[in-house]
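A closer look at the structure
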Amino acid sequence: MAQAHPILENSGFNPDKKLKIVGSSPIKHDGLDKVTGRAKFGADMFLPGMLVGKILRSPHAHAIIKSIDISAAEKLPGVKAVICRDDFPEIKAGSADGDMTRNAMAREKALYDGHPVAAVAATSESVAKAALKLIKVEYEVLPHVIDPVEAMQPDAPILHDYLRTKGVKGADKPTNVVERYELGMGDVEAGFKEADVIVEREFDTKPMHQGYIEPQGCVAATTEDGQIELWCSTQAPWVYRDRLSNILKIETAKIRIQQSEMGGGFGGKTGFYPEPIAIQLSRKAKRPVKIALTRNEVFRATGPVSGTKSRIKIGCKKDGTITAAEAELIFQTGPFTGSAFTNAPQAMFTRYALKNVKTVSYEVVSNRPKVNSFRAPCVPQVVFGVEGVIEELARKIGMDPIDFRLKNAATEGYKTIYGDVFGPIGFVETLQAAKKCDHYKSPVPAGQGRGTAAGFWFNRGGETTGTLNIGIDGSVTLILGTTDVAGSRISISMMAAEELGIPVDKVRAVMADTHSLGFNRVTAGSRTTFSTGMVIIDSARKAITELCKRAAGIWGVSPDAVTFEDGFCKPAGANVGSFEPLSIAQIAAKTMATHGAIAGHSEMNVTGAGPGFGLHIVDVAVDKETGRVDIKRYTVVEDAGKAIHRLQVEGQFQGGAVQGIGWALNEEYCYGKDGRMENPSFLDYRMPVASDVPMIDTEIVEVPNPRHPYGLRGVGEVPVVPTMAAIANAIGQCIGVRPQSLPMSPPKILKLIDDHKAKNGG
Amino acid sequence: MDVRYEAPQTLEAAVALLAGATAPAKILAGGTDVIVQMETDLIEPSLLVDIKKIPELRQITAENGGFRIGAAVPGMELMAHKALNKAWPGVLDGVKLIGSIQVRGRASIGGNLCNGSPAADSVPPLIAAGAIARIIGLKGTREVPVEQIPTGPGKTSLAKDEIIVSFFLPARPPHSGDAYQRFTPRTEMDIAVVGVGVNLTLDNGGTCTAARVALGAVAPTVLLVKECADALIGTKVDNAALEKLAAAASAACRPIDDKRGTKEYRIKIAGVLAKRTALAALEVARKN
């Protein structure tokens, strides 16, 4: 094992340090471009001679592709290239790369409505569309399956003949169940015996699209000697590059990816869609090719997050102590594995100091688009159930639901189900802050219901690189790799400025292409501000060491005799001699006479992410005649560790809650009997509009993570984790029965109300 | 693949263009449906006849104590017309629910009607109001009640060469009021799961003497339901009348199960909404 990086061993976190910049809310340096429309997103790149790429998609949910005839399309004037499966290297089915290439372009079978089967590059969009109509695809339509539970049945249509269930001994028959995964601790049987009250319920949630406003867009340009430039909207330039290298069989040094500005990703841009198609079209046409997906294509063929079925059972004693928890979970993943479903059993109960837990999880393929990441992948879906059972238990034993959580809250030293031991965490502080906040202290308005729910996310680190350059005037540029999806550039600039003792306006950050820095893991899992912040702080500290050396040279003293404080190099003590402090700008002005440019660079596999916890409080009103739910008041309480840029942290809290509100209330994929999606538009896929959500109030709790120089944790995932559970709990209080199925749309809520009335004698 | 765009200045020129079209032609008013349908490849017209430059289609004028409204007048202009708002608040309820401010800056009630959607928000209140459409074509002008124009989803009774020029909303007797309400899961930017337009007139004693009730999104076309009107006429629009109205509204529904709502749900909500809309119309009538 290589030695850990010094900053990972000792971050230098000092709770008493007076901070000048970290914790404020300066205007984002990239903000003006965003509000003026100057910012360049995926589809905003234009190159001379550029062609328009369009994709032909399967109209069938499940079909063998018997033949594809592109000859007529190729002959249409203006068409410069037509490609299909034959234009992609053959890679064995069932391998990671095999799945990836098959999702990009169907090979043996079309596996969902919208699956790409061919593509055209032409001189205009209308020519490209006309050419698509000339491509003849002969399909043998097969029975399809959409629902994961139906897909698990013995007589279900099989998507992949080669698939055998991982984690089941002796599994020898073709199946749609990719994996059975068991995770547990302690003895649940003994635990349930100790319980005075046990609640067991079944839940289901639906796939939900990430709903980014910017559809995927890219431009690929290639040279005759095989070099590729790709401009695209991505959360993962290096991951895209390496995967493209694998499926297209091109060396990574010949693929240069430049990330564009990000018009929303939320996990949905961690895997590619049109990019390999644009590259292959460009290689065949020998001209740059742009593909910008339409919303229809985005809905039918990208994302969403997994839908789930779950059975959750929790027992507790009369004093509130939870004695055991058990769960059975089913995750739909689309036609290929990759749902990251093992997050769910690891995170679903984690926040409570449980000793006895048993979980069994299944991942199942079906004829829908392959799922992609979304904030806290696979966790909100199951917390929807867990926090329902938690509130039900609390009410059964007559305990305040937040007190019930406090009674069971995990604290420092708790060994989690996934093996980590918690360092300093802020769940207790979060719950206490929730109890004290104005919303929770206010009485529930007449006719409304109030619900609460808690959530957890690991937060992540991982491979990260970055560079800090000091200019001749002492201003600073940063070269960052991990995509800025939510304002990480300004937060990281703030940390650099804090380290260097200069105003944040003297710092500017650019997003690197994949040739300019070493590998950066995807922007996901709430890792970017933490991890890239870590490498830039490390880079700043390296630059400071160099600044001190240069000052020592100027003064003719030993480097050890120079210290750095508030942006100045100073003699370390009176015995060093009498020298006027030198600013960064003064030292930088002399770099030509010293040893040239001053910079810091750092790369590491960042560790030490601090887990995050949140608690949501929501008040709802329900129209009892129509079942329509109105969110009246909403508060997010969450531990940020340290809010680097307060407004951005609040924005993350609010954004997570808003996406959760959509998932909770109305977002739903409607499939026809033919397996085709019937609502691939924002008109009918009902994401909330601005007037559907109230102001989301926020309470930032700050229990520092000492492994980070400023104490930060991640804040991108936790805010969506408890949302649907909190809303369902509130609806339950309002109508007398707690919904167990998403979305909690008006027809379903009205049915619950009517059934409940009928059961209770009208 | 190429689209010919024409913007005639006169009704005659527009009719001639439509009559002479040899390939699929489409009338373009605000374009909030047509352009979107073209963008999403639902329609591929080869001729677009933009009727916004024709004066008769862009005017709101007083006529016989009522109003004549140009079919292409944008929603925001209708909303800004004070006298029209006062006389027909229910028609305006419908207009206000179309799309967003930006959409209503272009969208017109003529376009809303001719798009042929059973869920069009301005259509039930227009039908409840007894609006008469003036249609021009090669054979001249004809006057048609609005309820006779839609014939099914996306279809109208207009001939290929015909254009709706204007709508006539009649003079109002005292104690009249109209209202439109719809049900959508979202607050705005949504399509009605059910829409109800109610127009009624009371006598001096508060008894309903005339009523028209139209239901949207519950059948292939917007329905004018006589049984709903009968439930109100002769009553003081009390609870018993409202219950009868709700039952008649639910009974009239012939909805489908689709992405926007289930059959069962639409039938139930039609009744709930009919009651609520009748109460809203009643409140207006009592003030007039």
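Residues numbered from 1 in each chain as written. Chains lettered and ligands numbered in written order. Predicted model: local features only at pLDDT ≥ 70, side-chain atom pairs only at ≥ 80, totals over all residues. Heavy atoms only, no water.

**Observations regarding the pattern of salt bridges**
In the structure shown here, the tally under the stated rule is 73 salt bridges over all chains. The salt bridge partner of Asp623 of chain A is Arg276 of chain B, with a shortest N-O separation of 2.8 Å. Residue Asp623 of chain A is found in the loop between strand S24 (612-622) and strand S25 (629-639), and its partner Arg276 of chain B is found in helix H11 (residues 263-287); the two belong to separate chains. Residue Arg276 of chain B is classed as partly exposed on the basis of its relative accessible area, which comes to 26%. Through salt bridges with shared partners, a single network forms among Asp30, Lys34, Glu261, Asp484 and Arg489 of chain A. (Salt bridge = Lys/Arg side-chain N within 4 Å of Asp/Glu carboxyl O. Helix = DSSP H or I, 4+ residues; strand = E, 2+ residues; numbered from the N terminus. Buried < 20%, exposed > 50% of the residue type's maximum accessible area, 1.4 Å probe, protein only.)

**Quick look at the sheet that holds strand S6 (residues 136-141) of chain A**
Strand pairs in the sheet, formed through backbone hydrogen bonds, run parallel or antiparallel to each other. All names here are of chain A. Reading across the sheet, the three strands line up as S4-S2-S6 and stay open at both edges, with antiparallel pairing between neighbours. The sheet is open, and its two edges are formed by strand S4 (109-110) and S6, each paired on a single side. The sheet contact formed by strand S2 (residues 63-69) and S6 spans six bridges and is antiparallel. Each residue of the ladder has a partner; that of Ile68, found in S6, is Val137. (Pairing = 2+ DSSP bridges.)

**Regarding the packing of helix H12 (residues 379-396) of chain A against helix H20 (residues 723-735) of chain A**
All names here are of chain A. Closest axis-to-axis distance for the H12/H20 pair is 8 Å, and the angle between their directions is 40 degrees. The angle between H12 and H20 places the two elements in the oblique class. At the point where H12 passes H20, the crossing takes the right-handed sense. On H20, the residues touching Pro380, Gln381, Val383, Phe384, Glu387, Gly388, Glu391 and Arg395 of H12 are Met724, Ala725, Ala728, Asn729 and Gln733. A breakdown of the residues in the contact of H12 with H20 according to their chemical character gives six nonpolar, four polar and three charged. (Axes fitted to C-alpha atoms, helices over the stretch in contact; angles between N-to-C directions. Parallel < 35°, antiparallel > 145°, perpendicular 65-115°, else oblique. Left-handed = near helix turned anticlockwise from the far one by under 90°. Contact = heavy atoms within 4.5 Å. Nonpolar A, V, L, I, M, F, W, Y, C, P; charged D, E, K, R; others polar.)

**Things to note about the interface of chain B and chain A**
In this complex, chain B contributes 22 residues to the contact, which on the side of chain A involves 27 residues. At the boundary of chain B with chain A, total buried surface from both sides reaches about 2,200 Å², with 50% on carbon and sulfur atoms. At the surface where chain B touches chain A, the tally comes to eight salt bridges. Note that Asp684 of chain A and Arg260 of chain B form a salt bridge whose closest N and O atoms lie 2.6 Å from each other. Linking chain B with chain A are 18 residue pairs in polar contact (both at pLDDT 80 or more). Examining the composition of the side of chain B that touches chain A, we find that six residues originate from one element, H11 of chain B, more than from any other. Looking at side-chain class alone, the side of chain B that touches chain A contains nine nonpolar, two polar and 11 charged residues. (Buried area = accessible area lost by both parts, 1.4 Å probe. Polar contact = N/O pair within 3.5 Å; in protein donor to acceptor, adjacent residues only side chain to side chain.)

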